[in-house]
Amino acid sequence: MRKIYVAGNWKMNLIDDITPVVQISKNVKNLEIIIFPPFTHLQKYSEILNKTNIKIGAQNVFYEDRGAFTGEISYKFLEEFGVKYVVIGHSERRNIFKESDELISLKLKKILKTDIKPIFCVGEKEQERNLNKQKIVVENQLKISLGGIENNFKNIIIAYEPVWAIGTGKNATPFDAQEMHQFIREQLSTLFGKNIAYQISIIYGGSVNDENAKDLFREDDVDGLFVGGASLKGEKFKKIIEIVEKQII
Ligand code: 13P
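This section reports on the structure supplied with the text. (Residues numbered from 1 in each chain as written. Predicted model: local features only at pLDDT ≥ 70, side-chain atom pairs only at ≥ 80, totals over all residues. Heavy atoms only, no water.)

## Side note on the overall build of the protein
Move 1: Within the protein, the regular secondary structure consists of 11 helices and eight strands.
Move 2: Scaling as 2.2 N^0.38, a compact globule of 249 residues should have a C-alpha radius of gyration of about 18 Å, and the protein matches this with 17 Å.
Move 3: Judged by the C-alpha coordinates and their principal axes, the protein covers about 45 × 40 × 35 Å.
Move 4: Within the protein, the proportion of its 249 residues that are buried is 53%.
Move 5: At a minimum sequence separation of 6, the contacts of the protein that also span at least 24 residues come to 72%. (Helix = DSSP H or I, 4+ residues; strand = E, 2+ residues; numbered from the N terminus. Rg over C-alpha atoms; globule rule 2.2 N^0.38 Å. Buried < 20%, exposed > 50% of the residue type's maximum accessible area, 1.4 Å probe, protein only. Contact = heavy atoms within 4.5 Å.)

## Some details on the site of the ligand
Move 1: Lining the immediate environment of the ligand, one finds Asn9, Lys11, His90, Glu161, Ala165, Ile166, Gly167, Gly206, Ser207, Phe226, Gly228 and Gly229.
Move 2: Side-chain polar atom of Glu161 to an oxygen atom of the ligand: 2.9 Å apart, as the coordinates give it.
Move 3: One nitrogen or oxygen atom from the main chain of Ser207 is found 2.8 Å from an oxygen atom belonging to the ligand.
Move 4: Residues of the shell around the ligand, tallied by class, amount to three nonpolar, seven polar and two charged. (Near = heavy atom within 4 Å. Polar contact = N/O pair within 3.5 Å; in protein donor to acceptor, adjacent residues only side chain to side chain. Nonpolar A, V, L, I, M, F, W, Y, C, P; charged D, E, K, R; others polar.)

## Quick word on the packing of aromatic side chains
Move 1: Under the criterion given, the structure shown has seven aromatic pairs.
Move 2: When the centroid spacing of 4.8 Å and the interplanar angle of 90 degrees are considered together, the rings of Trp10 and Tyr45 count as edge-to-face. Pair noted here: Trp10 is in the loop between β1 (4-9) and α1 (19-23) and Tyr45 is in helix α2 (residues 42-48), with a separation of 35 residues, a long-range link.
Move 3: For Trp10, a relative accessible area of 0% translates into the label buried.
Move 4: Grouped by ring-pair contacts, the aromatic residues Phe62, Tyr63 and Phe69 constitute a single cluster.
Move 5: Note that Arg2 overlies the ring of Tyr198, its terminal NZ or CZ placed 4.9 Å from the centroid.
Move 6: Cation over ring: Arg93 sits above Phe97, and NZ or CZ is 4.2 Å from the ring centre. (Phe/Tyr/Trp six-rings, centres within 6.5 Å; stacked < 30°, edge-to-face > 60°. Lys NZ or Arg CZ within 6 Å of the ring centre and 35° of its normal.)

Set out below in C-alpha cells:
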C-alpha cells in the first residue's frame with residue numbers, strides 16, 4: 001500500500017494560524033502530513049510540531065555538504081532541525097531561478113543517499129499543454145533527473161504540478177490528473193521496474209483547495225495532495241487533511 005501525503009508548501013509566506021492543523025494531528029495509518037515553511041522558520045515550527053505526527057520539510061537544498069556556495073543550504077544543516085522531506089525541482093525554482101533538469105538530478109542523487117526524502121516536482125507549462133506536449137515534457141523531466149539513480153528509489157515522492165495550475169485557481173481536472181499520474185507511473189516502471197513504480201507515491205499540486213481535494217484524491221493514482229495557497233490558512237489546510245483522512249479510513 002502506497003503512503004498518502006498531504007503537504008503544505010508555504011513558499012515565501014507564513015501560515016495565518018497553525019493551531020487548527022496541530023489540533024488534528026492524530027495518527028492516521030498510512031497518512032503523512034508535512035509542512036514546508038521558509039528556512040528561517042524551520043526551527044520555530046519544528047518545536048511547535050515536536051509532539052505531533054506532522055513532519056517538517058524544507059523547500060530546497062544544495063547537493064554539496066559544505067563549502068563556498070553563497071546562499072545555499074546543505075542537507076546536514078536541515079537535519080539539525082528535524083527536516084524529513086525536501087522539495088526538489090519545484091517549477092518556481094525551475095522557471096524563476098533557472099534550475100535545470102541536470103542540477104535537479106544532482107540534488108536528487110545527493111538526497112537519496114541521506115535519510116531525508118525528496119518530493120520531486122514535474123509538470124508542463126500552459127503552452128506545452130495547449131500543444132498537447134505535456135507527456136513529452138514530463139517524460140523528459142523524469143528521464144533526465146531520475147536517470148542514473150541506482151538505489152533508494154522507493155524514497156522518492158513525485159509531485160505532478162502543472163505550471164498553469166499553480167497559484168491560478170485553475171486546477172487540473174481529476175481526469176487529467178489521473179491520466180498524467182498513470183503516465184508517470186508507467187515511466188517509473190520503465191526506469192525502475194514495475195514493482196518499485198507501484199510503491200512510489202505520486203501526489204498532485206496546483207490550486208488544491210477544500211472544494212476540489214475530494215475529487216482529485218479519489219483518483220487511483222493520486223496518492224496525496226501538495227497544497228500551496230490553501231495551506232497558508234490553518235482552517236482550510238485542516239479541512240483538506242480531514243477530507244483525505246475520511247477517504248483513507
Ligand atoms: P497552489 O496550491 O498555490 O497552486 O501551489 C501549489 C504548489 O506550488 C505546491 O508546491
